Amino acid sequence: MSTTQSQRGAEKRISKLDALITKLSGRHGATIEQLTAETGWQRHTVRAALSRLRQRGHRIERTIRKSGASCYRVVKPT
């Protein structure tokens, strides 16, 4: 793999993580289904990314919507 390919791969990962954080930062957060649609990742990959964000210090809150779906949201420190 050339340096250019690895740089593109890193940019793509960063932009998908940025998109994930943006979705999670919204007032109502996002469900796993919304996050998979946004990133193109599979459900287990999205859940792993949520775990990585927690490890990096992001505080992620999980709530249950009236529909029964889990909703995730980045919570700003108070």
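Residues numbered from 1 in each chain as written. Predicted model: local features only at pLDDT ≥ 70, side-chain atom pairs only at ≥ 80, totals over all residues. Heavy atoms only, no water.

Examining the overall build of the chain
Broken down by element type, the chain carries three helices and three strands. If you list the helices and strands of the chain from N to C, you get α-β-α-α-β-β. A total of 78 residues make up the chain; the buried ones form 28% of that total. Once local pairs closer than 6 in sequence are excluded, the contacts in the chain between residues at least 24 apart make up 42%. (Helix = DSSP H or I, 4+ residues; strand = E, 2+ residues; numbered from the N terminus. Buried < 20%, exposed > 50% of the residue type's maximum accessible area, 1.4 Å probe, protein only. Contact = heavy atoms within 4.5 Å.)

Considering the pattern of salt bridges
Two side chains that carry opposite charge are able to pair once their charged atoms sit near each other. One pass over the structure, following the stated rule, counts two salt bridges. Across the pair Arg43 and Glu33 runs a salt bridge, and its minimum N-O distance is 2.4 Å. One end of the pair, Arg43, is in helix α3 (residues 43–55); the other, Glu33, is in helix α2 (residues 32–39), with ten residues separating them in the sequence. Residue Arg73 pairs with Glu61 through a salt bridge whose shortest N-O separation is 2.8 Å. Within this pair, whereas Arg73 is found in strand β3 (residues 70–75), its partner Glu61 is found in strand β2 (residues 59–64), the two being separated by twelve residues in sequence. (Salt bridge = Lys/Arg side-chain N within 4 Å of Asp/Glu carboxyl O.)

Section: the packing of α2 against α3
Two elements in contact, α2 and α3, have axes separated by 9 Å at closest approach and are oriented at 100°. In terms of orientation, α2 and α3 fall into the roughly perpendicular class. Between α2 and α3, the contacting residues are Ile32, Glu33, Leu35, Thr36 and Thr39 on the first element and Arg43, Val46, Arg47 and Leu50 on the second. Residues of the contact of α2 with α3, tallied by class, amount to four nonpolar, two polar and three charged. (Axes fitted to C-alpha atoms, helices over the stretch in contact; angles between N-to-C directions. Parallel < 35°, antiparallel > 145°, perpendicular 65-115°, else oblique. Nonpolar A, V, L, I, M, F, W, Y, C, P; charged D, E, K, R; others polar.)

Here's the deal with the side chain of Thr36
Here Thr36 is to be found in helix α2. When its relative accessible area of 18% is taken as the criterion, Thr36 is described as buried. Ignoring any residue separated from it by four or fewer positions in sequence, one finds Thr36 in contact with Trp41, Gln42, Arg43 and Val46.

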